[in-house]
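Structural description and commentary
One-letter residues, chain by chain:
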Amino acid sequence: MRAHEAGALHADISDRGPAWLRTPADVNALVPALWPRSVTRGADGAVAVAGLSVRDIAAEFGTPVYVLDEADLRSRCRDFRAAFPTEDVYYAGKAFLCRAVVRMIAEEGLHLDVCTGGELATALSAGMPPERIGFHGNNKSVAELSRALDAGVGRIIVDSFTEIDRLTALARERGVRPRVLVRVTVGVEAHTHEFIATAHEDQKFGFSLAGGAAATAALKILDEGVLELRGLHSHIGSQIFDASGFEVSARRVLALQAQIRDARAVELPELDLGGGFGIAYTTQDDPATPQDLAKRLRKIVDLECAAENLAVPHLSIEPGRAIVGPAVFTLYEVGTVKELDGIRTFVSVDGGMSDNIRTALYDASYSATLASRASIAQPLLARVVGKHCESGDIVVKDEFLPADVQPGDLVAVPGTGAYCRSMASNYNHVPRPPVVAVRDGQARLIVRRETEEDLLALDVG
């Protein structure tokens, strides 16, 4: 169901749930694919992460709270590094970025992709080596580009002719030769199990391939000789499970690479195929492993390079969600339970669309479990909703919880590491939750909870 402008009562309502959702044999069971790798249910029935009970986390840090399994995040970094040992793996910081996460991914040997001055500032303040930073964005300001040049950022992905001129002028002033990639809009859009290979160049990012702008941009950079053109960049979508879109994208980008070679006798040494690799949010999702992705992407690039008689370029990828998404769950406290005349049971929690906008914005699906205890009650099809003054304030559209769920219970929602904290807001003047990292039974605060004093400090009226 997609939220209706006039409210949830005007949208489709069903008490049966989606076709893929099955009544669980054990309502207390945790589906391993959805949770951080250290999450278990203890003998007392409470969920624990890295040996620490969610009851203790809630008691110390309050709710709502984003809980990050540090060992899980690090292991996913290592999985990508092991799968792509000779390639560059850029963690896409837009998924979730804070200084602690920057340090974790740096220590695990990853590069970092940023797309604003704020993300760049976070990366630099956490000690990320600037040569391992890539800078994205369709409207980088002079100040942002200047800071990137002065810091020695390793590569800048140029996105418009205005940016090429802007960056060229700044580089001349400084007497530097920054490395750049040209972002190419290849006419491929991929999401989940579907991709469409035509009519998708109508977007704000990159240079059009079909219209010739991408070739013009690359040749302009080569001819001017101020910027060092290292290669081409393509990003085709998000939450992708099917590699077919990457095959079409690589074919089109490498055809452009051959066109540039034929025009200027230059073979560009790098190729970035972007990110968008999917994760499991519910039992309907079946994402590929990093090893599978590596095997398929290498095969695609090798075949297309052979077809164009090109040397195989140095490959880069940009996983964000696939690293941090499964490593985090959000812990809430139940405030009210309301049955709507046999149509639906609403379980209201102390957060909502201010800490997870994805359900309302993207019609995203999530799972949930009763986390503070086990239950012998029968499964109840419920909708987990937030506390905001908005009928579309839904956290989990459909999920089976125990029929005895009650105020004071803790409910955990997995798969919230990507974009939830990054896109969090202060809607209804609700302070944003903290982020707590747990490792070896110990919890530490890495992003503190906002307070009402924080909100009022910005209000100078």
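On a predicted model such as this, the values are computed, not experimentally measured, just so you know.

Calculation rules
- Residues numbered from 1 in each chain as written.
- Predicted model: local features only at pLDDT ≥ 70, side-chain atom pairs only at ≥ 80, totals over all residues.
- Heavy atoms only, no water.
- Salt bridge = Lys/Arg side-chain N within 4 Å of Asp/Glu carboxyl O.
- Helix = DSSP H or I, 4+ residues; strand = E, 2+ residues; numbered from the N terminus.
- Buried < 20%, exposed > 50% of the residue type's maximum accessible area, 1.4 Å probe, protein only.
- Pairing = 2+ DSSP bridges.
- Axes fitted to C-alpha atoms, helices over the stretch in contact; angles between N-to-C directions.
- Parallel < 35°, antiparallel > 145°, perpendicular 65-115°, else oblique.
- Left-handed = near helix turned anticlockwise from the far one by under 90°.
- Contact = heavy atoms within 4.5 Å.
- Nonpolar A, V, L, I, M, F, W, Y, C, P; charged D, E, K, R; others polar.
- Phe/Tyr/Trp six-rings, centres within 6.5 Å; stacked < 30°, edge-to-face > 60°.
- Lys NZ or Arg CZ within 6 Å of the ring centre and 35° of its normal.

1. Digging into the pattern of salt bridges
One pass over the structure, following the stated rule, counts 30 salt bridges. Between Glu 228 and Arg 179 there is a salt bridge, with its nearest N and O atoms 3.6 Å apart. Taken together, the positions of Glu 228 in strand β13 (residues 228-233) and Arg 179 in strand β9 (residues 179-185) put the pair 49 residues apart, joining distant regions of the chain. For Lys 397, the salt bridge identified is with Asp 363, shortest N-O distance 3.1 Å. Taken as a pair, Lys 397 in strand β21 (residues 394-402) and Asp 363 in the loop between α11 (358-362) and β19 (369-370) lie far apart in primary sequence, 34 residues in all. Overall, Lys 397 belongs to the buried group, its relative accessible area being 10%. One network of salt bridges, with partners in common, ties together Glu 70, Arg 74, Arg 78, Glu 107, Glu 108, Arg 439 and Arg 444.

2. What to know about the sheet that holds strand β3 (residues 52-53)
Think of a sheet as strands paired side by side through backbone hydrogen bonds, with each pair either parallel or antiparallel. Strand order in the open sheet formed by three strands is β1-β2-β3, with antiparallel pairing between adjacent strands. Single-partner strands in this sheet number two, and they are β1 (40-41) and β3. Of the pairings in the sheet, the one linking strand β2 (residues 47-49) to β3 comprises two bridges and is antiparallel in character. Counterpart to Val 49 in the pairing with β3 is Leu 52.

3. Some points on the packing of helix α2 (residues 70-83) against helix α3 (residues 99-107)
At a minimum axis distance of 9 Å, the contact between α2 and α3 shows a crossing angle of 40°. Taken together, the axis directions place α2 and α3 in an arrangement best described as oblique. Note that α2 runs across α3; the crossing there is right-handed. Listed contacts from α3 to Glu 70, Leu 73, Arg 74 and Cys 77 of α2 are Met 104, Ile 105 and Glu 107. For the contact of α2 with α3, the residue count by class is four nonpolar, no polar and three charged.

4. With respect to the packing of aromatic side chains
Applying the stated criterion across every chain yields a total of six aromatic pairs. Judged by centre distance (6.3 Å) and plane angle (25°), the ring pair of Phe 80 and Phe 277 falls under stacked. Of this pair, Phe 80 sits in helix α2 while Phe 277 sits in the loop between β15 (270-272) and α9 (290-308), and the two are 197 residues apart along the sequence. A relative accessible area of 3% means that Phe 80 is categorised as buried. Judged by its relative accessible area of 3%, Phe 277 is buried. Ring centres 5.0 Å apart and planes at 75° place the aromatic pair Phe 161 and Phe 207 in the edge-to-face group. In this pair, Phe 161 is assigned in helix α6 (residues 161-174) and Phe 207 in strand β12 (residues 207-208), connecting sequence segments 46 residues apart. Take Phe 207: its relative accessible area is 4%, and that puts it in the buried class. Following the ring pairs from residue to residue traces out a cluster consisting of Phe 80, Phe 84, Phe 246 and Phe 277. The cationic tip of Lys 140 hangs over the ring face of Phe 135; the distance from NZ or CZ to the ring centre is 5.8 Å. Positioned over the ring face of Tyr 90 is Arg 155, at 3.9 Å from the centre of the ring.

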